[in-house]
Amino acid sequence: MTHKPRPKGSVIAALDIGSSKVACFIARVVDDHGGYEILGVGHQAAQGIKSGTITDLNAAEAAIRHTVHAAENMAAQAMKGYPLREVVINVPGVHAHSQGLSVDVEISGQEITDNDVQRALAKAQDQSVGDDHELIHTIPVSYAIDGNQGVKEPRGMVGDRLEVDIHLVTGGHKPLRNVASCIERSHLEVSALCLSGYAAGLSSLVEDEMDLGCTVIDMGGGVTSIAIFYGGSMIYSDAIPVGGQHVTSDIARGLTTSISDAERLKVLYGSAMATAADENEMIDVPQLGEDNRTHPNHAPRSLLVGIIQPRLEEILELTRAKIQDSGLGQAAGRRVVLTGGASQLPGIRELAQSVLDKQVRLGRPIRVDNLADAVNGPAFSTTAGLLNYISERSHEMPAEIMAHVEPGNLWERISFWLRENW
Ligand SMILES: Nc1ncnc2c1ncn2[C@@H]1O[C@H](COP(=O)(O)OP(=O)(O)OP(=O)(O)O)[C@@H](O)[C@H]1O
Ligand SMILES: [Mg+2]
């Protein structure tokens, strides 16, 4: 196995730049299996970001800086006053592209080594290099030796030809460049990139789910991400630029109230599915532009739920279509895990179950201990998962793969974003 967790004692940090919030977790690796303990956390409302895209550099930079400082302050003692230098950051699925690729390398009857596997992965990276996109993940999904499919671990086996099926994730150069400038302005370096939906799955799935087949749906503020896991790897990903903020703006429009009141009504009284009792329950809806909050409109709760439900159905139907289009329905299995802040409305599990026709459970970051209550909910699945990624899966990072391959033209030819462009 190339599974090389970060060494015990290393400090790792994650920066999750979402449409609704920015969150930073700093942690220390505590064992040889990638386990970590949280040293500091920071989070605040996002600014200057819309549906995963930076729309105002200065505002986004300020939000990032404050968030990182808060986490650093909390971790200060453990970090002995050293400032944070590197972070792994999320890439929203709307800026990423998922593709399956098969490559082979000659072995000539020898025992297959890790170097052979790395050569195959590097070959795939070489084939997919382009000016307009960056490599994010190079995930070996399955192996075949001399045409024999279904090899789980080729290292140590003998053969003439090694074939590797790879899930390659690339990201748009320009949006990533904007995020990088924000981070650089905060005097931080990006140590790795990780797809938001992938990170959400890494922190919230149990091993059996990753092995047997499971689809993670991370319902964020501006983006709903899909990540399909099978055989312990992420085999497909996609995203829809719609999330909880769209639900909120539908409420604001439908009930002629402000965005902040709509958000409050959604969280307090919202539900994903209508019930008979909604008809009789009245809620107060402050009217737009009225200073005097003493005369709100009274509306039945059913009106609110009637606005929320169709939008959530739309998100879930678009998700279902993406899963169908992937052609991986079978591998994806019958299990779905919902994460993200917008997965918290009562009734969402039942609604997802009926639209997707799958077995659905609600997820949150379960693969990290001792997260404070304020940051252990589904909205922080991506943030925590970025730490799981960096502590356990560095062998899927394009830069690590390139570093493994023997020096030569390949390395020189590839304009890899971390080292060359930025
Ligand atoms: N209790 C709640 N009930 C319903 N929705 C909620 C609740 N709390 C938060 N949300 C919604 O969750 C969304 C934010 O989720 P999250 O923090 O996962 O998004 P994000 O990571 O910032 O955005 P993205 O991943 O889309 O870029 C908001 O739309 C918010 O309205
Ligand atoms: Mg998110």
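Residues numbered from 1 in each chain as written. Chains lettered and ligands numbered in written order. Predicted model: local features only at pLDDT ≥ 70, side-chain atom pairs only at ≥ 80, totals over all residues. Heavy atoms only, no water.

Some words on the site of ligand 1
Right, on to step 1. Taken together, 19 residues lie near ligand 1, and Ser 19, Ser 20, Glu 263, Lys 266 and Gly 341 sit nearest.
Right, on to step 2. The backbone of Gly 221 places a nitrogen or oxygen atom 3.0 Å from an oxygen atom of ligand 1.
Right, on to step 3. Between ligand 1 and Gly 222 there is a distance of 2.9 Å, counted from an oxygen atom to a backbone nitrogen or oxygen.
Right, on to step 4. Burial of ligand 1 by the protein amounts to 86% of the accessible area it has alone, namely 650 Å².
Right, on to step 5. At the level of secondary structure, the elements contributing two or more residues to the shell around ligand 1 comprise helix 6 (244–254) and helix 7 (259–269).
Right, on to step 6. Sort the elements by how many residues they give to the shell around ligand 1 and helix 7 lands first, with three residues.
Right, on to step 7. Of the residues contributing to the shell around ligand 1, the split by class is five nonpolar, eleven polar and three charged. (Near = heavy atom within 4 Å. Polar contact = N/O pair within 3.5 Å; in protein donor to acceptor, adjacent residues only side chain to side chain. Areas by Shrake-Rupley, 256 points an atom, 1.4 Å probe, with all protein chains shown as cover. Helix = DSSP H or I, 4+ residues; strand = E, 2+ residues; numbered from the N terminus. Nonpolar A, V, L, I, M, F, W, Y, C, P; charged D, E, K, R; others polar.)

Describing the domain arrangement of the chain
Right, on to step 1. Segmenting the chain into domains produces domain 1 (96–169 + 399–416) and domain 2 (207–363).
Right, on to step 2. When each unit is reduced to the centre of its C-alpha atoms, the spacing between domain 1 and domain 2 is 38 Å.
Right, on to step 3. Taken residue by residue, the interface counts eight residues in domain 1 and six residues in domain 2.
Right, on to step 4. When the buried surface of domain 1 facing domain 2 is broken down by residue, Ser 98, Val 141 and His 167 rank first, second and third, together holding 62% of it.
Right, on to step 5. Linking domain 1 to domain 2 there are zero salt bridges. (Domains from an automatic or database assignment. Contact = heavy atoms within 4.5 Å. Buried area = accessible area lost by both parts, 1.4 Å probe. Salt bridge = Lys/Arg side-chain N within 4 Å of Asp/Glu carboxyl O.)

Some words on empty space enclosed by the protein
To find the voids left in a structure, one rolls a probe of water-molecule size over its atoms.
Right, on to step 1. The final tally for this structure, using the stated rule, is two cavities of 30 Å³ or more.
Right, on to step 2. Of the volumes computed, that of the largest cavity is approximately 70 Å³.
Right, on to step 3. Lining the largest cavity, in full, are Ile 17, Ile 49, Gly 52, Thr 53, Ile 54, Ile 89, Asn 90, Val 91, Pro 92, Leu 176 and Val 179.
Right, on to step 4. Mapped by element, the contributors of at least two residues to the lining of the largest cavity are strand 5 (53–54), strand 6 (86–91) and helix 3 (173–185).
Right, on to step 5. Residues belonging to the lining of the largest cavity are distributed by class as follows: eight nonpolar, three polar and no charged. (1 Å grid on protein atoms, 1.4 Å probe; cavity = no way out; pocket = protein on both sides within 12 Å on 5 of 7 lines; lining within 4 Å. Points joined across faces, edges and corners; volume = space filled by probe spheres on them.)

A closer look at the packing of helix 6 against helix 8 (residues 301–326)
Right, on to step 1. Interaxial distance between helix 6 and helix 8 falls to 9 Å at its minimum, and their mutual angle equals 145°. Our pair here, helix 6 against helix 8, has a crossing hand that is right-handed. Between helix 6 and helix 8, the contacting residues are His 246, Val 247, Asp 250, Ile 251 and Gly 254 on the first element and Leu 304, Ile 307, Ile 308, Arg 311 and Leu 312 on the second. (Axes fitted to C-alpha atoms, helices over the stretch in contact; angles between N-to-C directions. Left-handed = near helix turned anticlockwise from the far one by under 90°.)

Some thoughts on the pairing of strand 18 (residues 359–362)
Right, on to step 1. Relative to strand 18, strand 17 (residues 335–339) is paired through four bridges, and the arrangement is parallel. Within strand 18, the residue paired with Leu 338 across the bridge is Leu 362.
Right, on to step 2. For the handedness criterion, the β-α-β arrangement of strand 17, helix 10 (residues 348–356) and strand 18 is classed as right-handed. (Pairing = 2+ DSSP bridges. Right-handed = clockwise from strand over helix to strand, strands pointing away.)

Topic: the sheet that holds strand 10 (residues 161–172)
Right, on to step 1. What the four strands build is an open sheet, ordered 7-10-8-9; its pairing is antiparallel. Where the open sheet ends on each side, the last strands, each with one partner, are strand 7 (96–106) and strand 9 (148–151). Averaged over all pairs of adjacent strands, the angle between strand axes in this sheet comes to 40°, irrespective of strand direction.
Right, on to step 2. Across the sheet, helix 2 (residues 114–127) touches strand 7, strand 8 (133–145) and strand 10, and the angle it forms with strand 7 is around 130°.

Re the packing of aromatic side chains
Right, on to step 1. One pass over the full model with this rule turns up three aromatic pairs.
Right, on to step 2. Summarising the aromatic geometry, the rings of Tyr 198 and Tyr 389 are spaced 5.8 Å apart at their centres and angled 65° between planes, so their arrangement reads as edge-to-face. Here the residue Tyr 198 occupies a position in helix 4 (residues 196–204), and Tyr 389 occupies one in helix 11 (residues 381–392), the gap between them amounting to 191 residues.
Right, on to step 3. One aromatic cluster is present, formed by Tyr 198, Phe 229 and Tyr 389 through successive ring pairs. (Phe/Tyr/Trp six-rings, centres within 6.5 Å; stacked < 30°, edge-to-face > 60°.)

Remarks on the side chain of Ser 98
Right, on to step 1. Looking at the secondary structure, you find Ser 98 in strand 7.
Right, on to step 2. A polar atom in the side chain of Ser 98 sits 2.5 Å from the side chain of His 167.
Right, on to step 3. A distance of 3.2 Å separates a polar side-chain atom of Ser 98 from the backbone nitrogen of Ser 237.
Right, on to step 4. In this structure, Ser 98 is in contact with His 167, Leu 168, Tyr 236 and Ser 237, ignoring residues within four places of it in sequence.

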